[in-house]
Amino acid sequence: MNSTKAKKAMKADWTRFNKYLYKYWKIQAAVIFLGLVTVPLSLLNPYLTKLIIDKAYGNKDLKLFLILAIIGGSIFVFIGLINSLNNYLSRRIKCRVNFNMMKDMFRHLQALPIRFFKDKSTGEHVYKISEDVSSVSDSVCDTLPQMVTLFPRLLFILVIVFRLSWPNWKLPLLATLLAPISCINPYLFREWLRRTSRRAVEKFERIFRELHEVFTNIHLVKALGKEDYEIKRFEDSLTERIDFELKRAKVLTISSFSSSVLNKVIGGLIALYGGYHVIKG
C-alpha cells in the first residue's frame, strides 16, 4: 500500500515538475537530438581501433592508418563541438527553469497564511528558494535527456559488440547477461544515501535559520555580550553538519568501492571466459 502511494506521489511530482520544461520544448528537443547524434558517433572509436589493429597494423598499411587516424580525430572534434553546444543549451534551460521555479516558490510562500511562518524561520525559506529549487531544477532538466539517450546507447553498444564478436556470439551474450548485475549496487545504497542526504539538508537549513536569527538580532547579541555564545552555537551546528557530510561520504565511498569490485568481477569473468576460448584456439 505504501509502495503504491509512493509511486503515485512520484508520478505526481514528475508531472508537476516537468511542466516547467514544456515552455522550452524546442530547446529540449534540440538537446535530446544532439545527444542522440553523439550516441553512434561515440561508439565508432572501438570499431576504428579494430580496423587500425587488424588492417593497418597487420598489413603495415601507413596510408590506411593515416586515413583511419584522421577519421577518428575528426569524429573526436565533431563530438566535442556537439557536446559543447549541448551543454550550452542545457544550461540555458536550467537557468530559465530555475528562474520560473524560484518565482513560483516565492509566490506560493507569499500566498500562505501567517500561521505557516510561525513554525518556520526565514533562513529555512531562503535555503529552500536558493538551494532546494536549484537542485530540483537541475534534476528535472537532466533526467529526460538521459532517459531518452540511454536506450539507444545500449542498443548501439549491443549491435557493435555482437558485430565485432561474430560468429562467437557466446562472449557478448555472457557480457549482456552479466551487465544488469552492476545495477544491484546503486539500488542497495539508494535508500541509505537518500536518508543521509536528507539529514544533511535539515542540518543546513538549521544553520541558515540560526544565521538569520543572529543577524536579525545582532544589536541584542552585542548588547547582551552573547558573541561567544553564538559563535559556540554556530560551531556546534557546523560540526553536526560535517558529521552528516562525513557519513554521506562514507556511504558514497563504500558504494563506489563495492561497485568497482563488482564491475571488476564481472570484467574478470568475461576475460576468463574469453581467454579460455583463445587458449583453446
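Right, let's walk through the structure included here. Owing to the predicted nature of the structure, the values given are computational and were not obtained by experimental measurement.

What about the overall build of the protein?
Then comes step 1: Across its full length, the protein holds 10 helices and 0 strands.
Then comes step 2: The secondary structure elements of the protein, listed N-terminal to C-terminal, are α-α-α-α-α-α-α-α-α-α.
Then comes step 3: Here the C-alpha coordinates of the protein stretch approximately 85 × 45 × 40 Å along the principal axes.
Then comes step 4: Here the protein holds 281 residues, and the buried ones make up 23% of them.
Then comes step 5: Partitioning the intrachain contacts of the protein with sequence separation of at least 6 by distance along the chain shows that 81% fall at a separation of at least 24.
Then comes step 6: Of the accessible surface of the protein, which amounts to about 19,500 Å², a share of 67% is contributed by carbon and sulfur atoms.
Then comes step 7: Within the protein, one finds 43 positive and 23 negative side-chain charges whose respective centroids are separated by 12 Å.

Description of the nonpolar core
Across soluble globular proteins, you tend to see nonpolar side chains buried next to one another.
Then comes step 1: Counting residues in hydrophobic clusters, the biggest one holds 22 residues, and the most contacted among them are Leu 21, Ile 93, Val 97 and Met 101.
Then comes step 2: No other element matches helix H4 (residues 62-111), which puts 8 residues into this core.
Then comes step 3: Beyond its immediate stretch of four places on either side in the chain, Leu 21 contacts Gln 28, Ile 93, Val 97, Val 140 and Cys 141.

Regarding a positive patch on the surface
Then comes step 1: A cluster of basic residues, Lys 19, Lys 23, Lys 103 and Arg 107, forms a positive patch at the surface.
Then comes step 2: Checked against the element boundaries, Arg 107 lands in helix H4.
Then comes step 3: Overall, Arg 107 belongs to the exposed group, its relative accessible area being 56%.

Description of the side chain of Asn 86
Then comes step 1: Looking at where Asn 86 falls in the secondary structure, it is placed in helix H4.
Then comes step 2: What Asn 86 contacts, discounting residues up to four positions off in sequence, is Val 31, Leu 34 and Gly 35.

Some details on the packing of helix H7 (residues 170-178) against helix H10 (residues 227-279)
Then comes step 1: One can describe the packing of H7 onto H10 by two numbers: an axis separation of 10 Å at closest approach and a directional angle of 165°. Classified by the angle between their axes, H7 and H10 sit roughly antiparallel to one another. As for the relative orientation of H7 and H10, their crossing is right-handed in sense. Packed against H7, whose contacting residues are Lys 170, Leu 171, Leu 174, Ala 175 and Leu 178, the element H10 presents Ile 266, Leu 269, Ile 270, Tyr 273 and Gly 274 at the interface.
Then comes step 2: Classifying every residue of the contact of H7 with H10 by side-chain character gives 8 nonpolar, 1 polar and 1 charged.

Things to note about the side chain of Glu 230
Then comes step 1: As for its position among the elements, Glu 230 is in helix H10.
Then comes step 2: Judged by relative accessible area, which is 15%, Glu 230 ranks as buried.

Looking at helix H8 (residues 184-216)
An α-helical segment advances 3.6 residues per turn. Residues three or four places apart therefore align on the same side.
Then comes step 1: An ideal rise of 1.5 Å per residue puts 48 Å on 33 residues; H8 measures up with 49 Å between its terminal C-alpha atoms.
Then comes step 2: The largest bend in H8 is about 40°, located at Arg 190.
Then comes step 3: Restricting attention to buried positions, one finds in H8 the residues Asn 185, Phe 189, Leu 193, Thr 196, Ala 200, Lys 203, Glu 205, Ile 207, Glu 210 and Val 214.

Describing the packing of helix H2 (residues 25-42) against helix H3 (residues 44-59)
Then comes step 1: At a minimum axis distance of 5 Å, the contact between H2 and H3 shows a crossing angle of 20°. What the angle tells us is that H2 and H3 run roughly parallel. Contacts between H2 and H3 involve Pro 40, Leu 41 and Ser 42 on the former and, on the latter, Leu 44, Asn 45 and Pro 46.

Details of H2
Then comes step 1: Taking 1.5 Å of rise per residue, the 18 residues of H2 would be expected to cover 26 Å, and the 25 Å separating its terminal C-alpha atoms lies within 8% of that figure.
Then comes step 2: Three or more residues of H2 are buried, namely Ile 27, Gln 28, Val 31, Ile 32, Leu 34, Gly 35, Thr 38, Val 39 and Leu 41.

Criteria and thresholds
Residues numbered from 1 in each chain as written. Predicted model: local features only at pLDDT ≥ 70, side-chain atom pairs only at ≥ 80, totals over all residues. Heavy atoms only, no water. Helix = DSSP H or I, 4+ residues; strand = E, 2+ residues; numbered from the N terminus. Buried < 20%, exposed > 50% of the residue type's maximum accessible area, 1.4 Å probe, protein only. Contact = heavy atoms within 4.5 Å. Areas by Shrake-Rupley, 256 points an atom, 1.4 Å probe, with all protein chains shown as cover. Lys, Arg positive; Asp, Glu negative; His and termini not counted. Charge placed at Lys NZ, Arg CZ, Asp CG, Glu CD. Core = buried A, V, L, I, M, F, W, Y, C linked by side-chain atoms within 4.5 Å. Patch = residues over 30% accessible without salt bridge, like charges linked within 9 Å, V, L, I, M, F, W, Y side chains within 5 Å. Salt bridge = Lys/Arg side-chain N within 4 Å of Asp/Glu carboxyl O. Axes fitted to C-alpha atoms, helices over the stretch in contact; angles between N-to-C directions. Parallel < 35°, antiparallel > 145°, perpendicular 65-115°, else oblique. Left-handed = near helix turned anticlockwise from the far one by under 90°. Nonpolar A, V, L, I, M, F, W, Y, C, P; charged D, E, K, R; others polar. Expected span 1.5 Å × (residues − 1). Bend = angle between axes of the 7 residues up to and from the residue.

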